[in-house]
Amino acid sequence: KFGAANGEDVFAKIKGLIQDMIGKLEREAGEEASEKAYCDQETAKTESKKSELEDDIAKLTSKIDQDAAKSAQLKEEVRVLESELAALTKEQAV
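Residues numbered from 1 in each chain as written. Predicted model: local features only at pLDDT ≥ 70, side-chain atom pairs only at ≥ 80, totals over all residues. Heavy atoms only, no water.

Draft legend 1. Examining the overall build of the protein more closely. Looking only at helices and strands, one finds one helix and zero strands in the protein. Against the globule reference of 12 Å for 94 residues, the protein gives a C-alpha radius of gyration of 40 Å, more extended than a compact globule. Expressed along its principal axes, the backbone C-alpha trace of the protein runs to roughly 135 × 15 × 10 Å. Looking at the protein as a whole, 2% of its 94 residues are labelled buried. When the accessible surface of the protein is split by element, carbon and sulfur atoms take 59% of a total near 8700 Å². In the protein, 15 side chains carry a positive charge and 22 a negative one; their mean positions are 3 Å apart. (Helix = DSSP H or I, 4+ residues; strand = E, 2+ residues; numbered from the N terminus. Rg over C-alpha atoms; globule rule 2.2 N^0.38 Å. Buried < 20%, exposed > 50% of the residue type's maximum accessible area, 1.4 Å probe, protein only. Areas by Shrake-Rupley, 256 points an atom, 1.4 Å probe, with all protein chains shown as cover. Lys, Arg positive; Asp, Glu negative; His and termini not counted. Charge placed at Lys NZ, Arg CZ, Asp CG, Glu CD.)

Next up, the structure:
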């Protein structure tokens, strides 16, 4: 009654507030979508880097194991050669 007599829309203020709230919610949703996209991108990068580093660890662990086996083999060869050298030295001393 009050505003309708002047030709004004009585719900104009309410419509404006609702439109403002809708705009605010749309902006927030857009910001959240951007943030989620950024987080997803960073997570993907992190997972990729983690996978690369795990591969590096596996390769280095394998190399360490191979080198340890080679070291044990060489130590055994040195022990055998020292034993043979000691036998030769003993023969020459006689």
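There's plenty left to go through after this.
Draft legend 2. Local environment of the pattern of salt bridges. On inspection of all chains with the given rule, the structure shows four salt bridges. D40 is the salt-bridge partner of K36, the closest N and O atoms lying 2.9 Å from each other. Highlighted residues: K36 and D40, both in helix α1 (residues 12–93), separated by four residues, approximately one helical turn. Residue K36 is classed as exposed on the basis of its relative accessible area, which comes to 51%. The exposure class of D40 is partly exposed, given its relative accessible area of 41%. Among the ionic pairs, K45 bridges to E42, the shortest N-O distance being 3.5 Å. Taken as a pair, K45 and E42 lie in helix α1 at a separation of three residues, close to a single helical turn. On the basis of relative accessibility, which here comes to 47%, the residue K45 falls in the partly exposed class. (Salt bridge = Lys/Arg side-chain N within 4 Å of Asp/Glu carboxyl O.)

Draft legend 3. Structural detail: the environment of A37. Tracing the backbone shows A37 in helix α1. A residue is classified by how much of its surface remains accessible, and A37, at 44% relative accessible area, is partly exposed. For the pair A37 and K49, spaced 12 residues apart in sequence, the C-alpha separation works out to 18 Å.

Draft legend 4. Main features of a nonpolar patch on the surface. A contiguous nonpolar surface patch, about 450 Å² in accessible area, is contributed by V10, F11, I14, I18 and I22. Inspection of the secondary structure assignment puts I22 in helix α1. (Patch = residues over 30% accessible without salt bridge, like charges linked within 9 Å, V, L, I, M, F, W, Y side chains within 5 Å.)

Draft legend 5. Up close: a negative patch on the surface. Among the surface-exposed residues, E47, E52, E54, D55 and D56 lie close enough to one another that they form a single negatively charged patch. Positionally, D55 belongs in helix α1. Residue classification places D55 among the partly exposed positions, given a relative accessible area of 43%.

Draft legend 6. Examining the environment of E52 more closely. Here E52 lies in helix α1. Counting along the chain gives 40 residues from E52 to A12, while the straight-line C-alpha distance between them is 60 Å.

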